[in-house]
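Structural overview for review
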Amino acid sequence: MLRAQFTDLQLDLRYEGTQRGSYPATMRNFAVSLHLFSAKAYECVARTFQLPEPTTLHAWLSNPDYRPGFSQQVFSVLAERAQAGDKDFQSCSLLIGAMSLERRIQYDQHTNSMQGLMDFGAGNYDADEVPAAAEALTLVAVGFQGHWIAPLGYFLLATLTGDVQSQLLRHCILKLYSIGLQVVSVTSDATAPNVDTARRLGVLVDGVSVKSTFFHPANPALEIAYFFDPCHLLTLVHNTLQVYGSLQVCSKAICWDYILRLGVLQEQEVLQAAHKLSGVSLSGQQVWGNGAAQLFSESTAQALHFAASLGLSQFLGHETTSHFITLLSAVFDVCSSRSVHTKGPKAPLSLASYDSLNNLCNEYENLLRKLRNGTGELLGLSRHRWGFLGFLVNLRSLQWMAKTYLEAEDRPVPYLLTGWWSLDPLEWCWGAIRQGCEERGTTTAQAFQSAYRHILCKGLTGLRHNTPNLLDVSLSRRANLQLQASWPLGKGQVWLDYWCPGSRQDTSAIDLSPSLLSQLEEDTTTYVSRFVVRKLLPLLTCAECRAALMSPSGVEPAGSALMCVKNRGRQFLPAESVQRVIRRAEKIFGLSTWLFRDSRQHRSWGLVLELAILADVSEERGLFPSLRDHLFESNILVSNHYVTILQGLVRIFLELHSVQLGAAQGPESGRSIWVRRSKEANSEQSQGSANRGTGPVRQLDSSNGFMLLEEKLTGLWGERPV
């Protein structure tokens, strides 16, 4: 390809003590391409011909626009922050990954060139031998202590190779170092090109002997830690267990069959076993499987313990499997701390937890030394080793990071948030790019470039103020590792989302008229709460949040994915917190619809009513006590899972009541009335903010319906503005 592209290139012979001052564009493109393809070939040619120093090539990989290469706008902003003395912009972590593209070469009349070819950003290729781009290699920087995310650039490649990726990483590290940012870690997934990239950088893995750091290309006195993405490693471990069926540890087995047996449990089977063991009433119990629980989590281990404690013979001997799941869950959690407020196993890494990290690392390494596949081969030497070895590399890197930064003599850091070194921030950027490509109906290189321009502008304007909820990103990436994704669901199994009789009941079939009668108020609240929970459960991807909506009987251990829940009249009982939220919502809804009959046609009415209910519910103390620690696992404290649950309950409640209200209003009846009006109100608010510089709260205050609701309800309760 180089021979075809640079046929007419003239190279000057190298003379002792001479160095060329400037190079034409074609020469710069050739030098960058040759160095990326092979650093050794570059050194060989540079002995005879005049070529620039490799450390200067990163300047030619930059572009001021949104074309492939390093995005110069981002580096300029980062340089300003770093040179201004902002401590959050003194060091960062690098994330690298590739997004697949549709191979399509198109002519761009604006640039007068072909688009969709391989492109490093140093110049255009137009020879027939140049292959079409199939991957968009993306680099993202994440703040080491300050939580900011900045896309650094992308490169269009025909195929992923370790030599090109390692050279691009070196150039990126050098470019960041030149503007005052020190790279402390690099993260990728554990695919073959990325494993080769780590090896070429200097990471060594020989069985269970691991060196997880490599030297800084600009300063050999500095080292950089290498991490493999924990979500991808869990997927590899999951695949290995499915392939082998069982793994051996000192004549004991880690069996995949125990997971499959959980999936075929029948409700009657569990209830009868629980009745024989503890004498619980069969009529007052129902079995519910939390299908959103992660396969490698403490919830799954507790479910195995619970099933075995009931005397179910198919779960005898599960201890080794449960211990392995618990250990892997602990290793994943220590790599997933996202907030300084998190407690428990996902708490930030600090000096107080340093000994626990060392103990966990030693225990995991001892397991790998004994772990063998079905043929007796050591797993650390088998072809399915990288899911397990990747976690050992991560643990070694964490030990080095803790010793280097927590115990530093000069300005030690108080804690380390390890979840920011995963590929979750990169996946968030890709999500925005995929959304932009879907709008264009294609994932070509040209569509990628257009979508990248949008996220780059958004990232620069919202740097450090527009960070995503990494917990939700991680849960979305691990959807294929949920228990309900581990087996096909069939009739009678306890892991179905819709596992209650009549759960598919239509909204219009519910009669809410008894809610006005005080003697039936409690039963009606429970009835409505059941319906709301049924609708909300399938929408939640978080196992802890799902479990918080149920009312457990207490037979099973805390946190188990397999639960016995309370039953009344062959229907499950929702959690007491759910009923308290619905009870408050009914009061606000009833009073508002009675006081403001003429305001219900206002376009902001649905949103105003939702905000009024949420404001009142927020005063309720002690809601969902099981989520007290869980809500701090997110890096976004304002929009956490506690808020998500409350919003979900209120919105489904309003959709349910819109049928009754819509019947009296005419043709606008239906479940979508509240959603549609909320969207219209939000659209008006965003337009008003853009045109007049006012925020959404001020826009709502101008709504007559909101002002009336605030005035009248405040007068009724005499407490506060709603």
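Overview of the structure. Quick caveat: nothing in here was measured; it's all calculated off a predicted structure.

So, how was this worked out
In this convention, every chain numbers its residues from 1, walking through the sequence in written order. Selection of residues for local features in this predicted model requires a pLDDT of at least 70, selection of side-chain atom pairs for listing and counting requires 80 or more, and totals for whole chains, interfaces and linings are taken over all residues. Values reported for side chains reflect all heavy atoms of the structure, with hydrogen atoms and water molecules removed beforehand. Strands were regarded as paired on the criterion that DSSP finds at least two bridges between them. Strands here are runs of E lasting at least two residues and helices are runs of H or I lasting at least four, both read from the DSSP assignment and numbered beginning at the N terminus. Between two residues, a contact is recorded if the distance between any of their heavy atoms is within 4.5 Å. A fitted line through C-alpha atoms serves as each axis, taken over the contacting stretch for helices, and the angle formed by two N-to-C directions is quoted from 0 to 180°. Here roughly perpendicular refers to angles of 65 to 115 degrees, roughly parallel to angles under 35, roughly antiparallel to angles over 145, and oblique to all remaining angles. The residue classification treats Ala, Val, Leu, Ile, Met, Phe, Trp, Tyr, Cys and Pro as nonpolar and Asp, Glu, Lys and Arg as charged. All others, Gly included, are polar. The method works on a 1 Å grid over the protein atoms by themselves. A cavity is a set of points holding a 1.4 Å probe that cannot get out, a pocket is an open set with protein on both sides within 12 Å along at least five of seven lines, and residues with an atom within 4 Å of a point line them. Grid points are joined across faces, edges and corners, and a volume is the space filled by probe spheres set on the points. Buried means the residue's accessible area, taken with a 1.4 Å probe over protein chains only, is under 20% of the maximum for its type, while exposed means over 50%, and partly exposed covers the values in between. Counted as a polar contact is a pair of N or O atoms within 3.5 Å, where, for protein atoms, one must be capable of donating a hydrogen and the other of accepting one, and residues adjacent in sequence contribute only when both atoms are in side chains. Two aromatic rings from Phe, Tyr or Trp, using only the six-membered ring of Trp, form a pair when their centres are within 6.5 Å; if the ring planes differ by under 30 degrees the pair is stacked, by over 60 it is edge-to-face, and anything between is tilted. We call a set of buried residues a nonpolar core when its members are Ala, Val, Leu, Ile, Met, Phe, Trp, Tyr or Cys and they connect through side-chain atoms within 4.5 Å of each other.

Strand pairing in a sheet relies on backbone hydrogen bonds, with the paired strands running either antiparallel or parallel. Across the sheet, eight strands lie side by side as S1-S2-S7-S6-S3-S8-S12-S11; this open sheet has mixed pairing. Two strands close off the open sheet at either side, each with one partner strand: strand S1 (62–63) and strand S11 (213–215). Summarising the sheet, strand S2 (residues 69–71) and strand S7 (residues 149–157) pair through two bridges and their orientation is antiparallel. Bridging across to S7, Gly69 finds its partner in Tyr154. Together, S1, S2 and S7 form the strand contacts of helix H4 (residues 72–83), whose direction differs from that of S2 by roughly 45°. Here helix H5 (residues 162–178) sits on the sheet and contacts S1, S2, strand S3 (91–100), strand S6 (135–143), S7, strand S8 (182–188), S11 and strand S12 (223–228); the angle it forms with S3, its principal contact strand, is near 145°.

What follows covers the packing of helix H14 (residues 424–440) against helix H16 (residues 470–477). The N-to-C vectors of H14 and H16 enclose an angle of 80°; their axes lie 9 Å apart at closest approach. The pairing of H14 with H16 is recorded here as roughly perpendicular in orientation. Counted together, Asp424, Pro425, Glu427 and Trp428 of H14 and Leu470, Val473, Ser474 and Arg477 of H16 form the full contact between these two elements. The residue makeup of the contact of H14 with H16, split by class, is four nonpolar, one polar and three charged.

Further remarks concern the layout of surface pockets. Roughly 1,200 Å³ of internal volume is contained in the largest pocket. As for the largest pocket, its lining consists of 47 residues, and the residues nearest its centre are Ser299, Glu544, Gly559, Ser626 and His630. Secondary-structure elements contributing two or more residues to the lining of the largest pocket are helix H10 (298–309), helix H11 (319–334), H16, helix H18 (543–548) and helix H19 (576–595). Grouping the amino acids of the lining of the largest pocket by side-chain chemistry returns 22 nonpolar, 14 polar and eleven charged.

Mapped onto the elements of the fold, Asn194 is located in helix H6 (residues 192–201). A residue is classified by how much of its surface remains accessible, and Asn194, at 6% relative accessible area, is buried. In contact with Asn194, not counting residues within four places along its chain, are Gln165, Ser188, Asp189 and Tyr226.

What follows covers the packing of helix H2 (residues 25–37) against H5. Packing of H2 against H5 brings their axes to within 7 Å, and their N-to-C directions diverge by 120°. Looking at the two axes, H2 sits oblique to H5. Between H2 and H5, the residues in contact are His35, Leu36 and Phe37 and Asp163, Val164, Gln167, Leu168 and His171, respectively. The class makeup of the residues in the contact of H2 with H5 is four nonpolar, three polar and one charged.

Let's shift gears to the pairing of S6. Counting buried residues in S6 gives nine out of nine residues, a clear majority hidden from the surface. In this structure, S3 lies alongside S6, joined through nine bridges in antiparallel fashion. In the sheet register, Leu95 faces S6, and the bridge partner there is Val140.

A few words on the sheet that holds strand S18 (residues 571–572). Read from one edge to the other, the open sheet built from three strands follows the order S15-S17-S18, with strand pairing classed as antiparallel. Every other strand in the sheet has two partners, leaving strand S15 (285–289) and S18 as the edge strands with one partner each. Taken together, the two bridges between strand S17 (residues 562–568) and S18 define a ladder with antiparallel strand orientation. Considered in S18, the bridge of Asn567 is made with Phe572.

So, about the side chain of Asp189. You can see Asp189 is positioned in the loop between S8 and H6. In terms of polar contacts, Asp189 uses its side chain to reach the side chain of Asn194, at 2.3 Å. Setting aside residues no more than four positions away along its own chain, Asp189 makes contact with Asn194, Phe228, Asp229, His232 and Leu423.

This part is about the environment of Asn219. Of note, Asn219 is situated in the loop between S11 and S12. Counting along the chain gives 42 residues from Asn219 to Tyr177, while the straight-line C-alpha distance between them is 9.5 Å.

Summed over all chains, the structure comprises 18 aromatic pairs. Seen from their ring centres, Phe6 and Phe30 are 5.4 Å apart, and the 75° between their planes marks the pair as edge-to-face. In this pair, Phe6 is assigned in the loop between helix H1 (2–5) and H2 and Phe30 in helix H2, connecting sequence segments 24 residues apart. The buried category is assigned to Phe6, whose relative accessible area is 9%. Under the relative-accessibility criterion, Phe30 is labelled buried at 11%. Ring geometry for Trp400 and Tyr405: centres 6.1 Å apart, planes at 85°, overall edge-to-face.

Moving on, we get to the nonpolar core. Membership of the largest hydrophobic core comes to 168 residues, with the highest contact counts inside it found for Leu78, Leu152, Leu176, Tyr364 and Met401. The leading source of residues in this core is helix H13 (residues 386–406), at 13 residues. Discounting residues that sit within four places of it in the chain, Leu176 has contacts with Phe75, Leu78, Cys92, Leu94, Leu152, Leu181 and Val183. In terms of nonpolar packing, the next biggest core, distinct from the first, is built from 44 residues, Val528, Val532, Leu537 and Cys542 among them.

This part covers the environment of Ile613. Here Ile613 is to be found in helix H20 (residues 605–617). Of the residues examined, Ile613 reaches a relative accessible area of 0% and is grouped as buried. For the pair Ile613 and Val581, spaced 32 residues apart in sequence, the C-alpha separation works out to 9.0 Å. Aside from chain neighbours lying at most four places away, what touches Ile613 is Ala585, Ile588, Val650 and Leu654.

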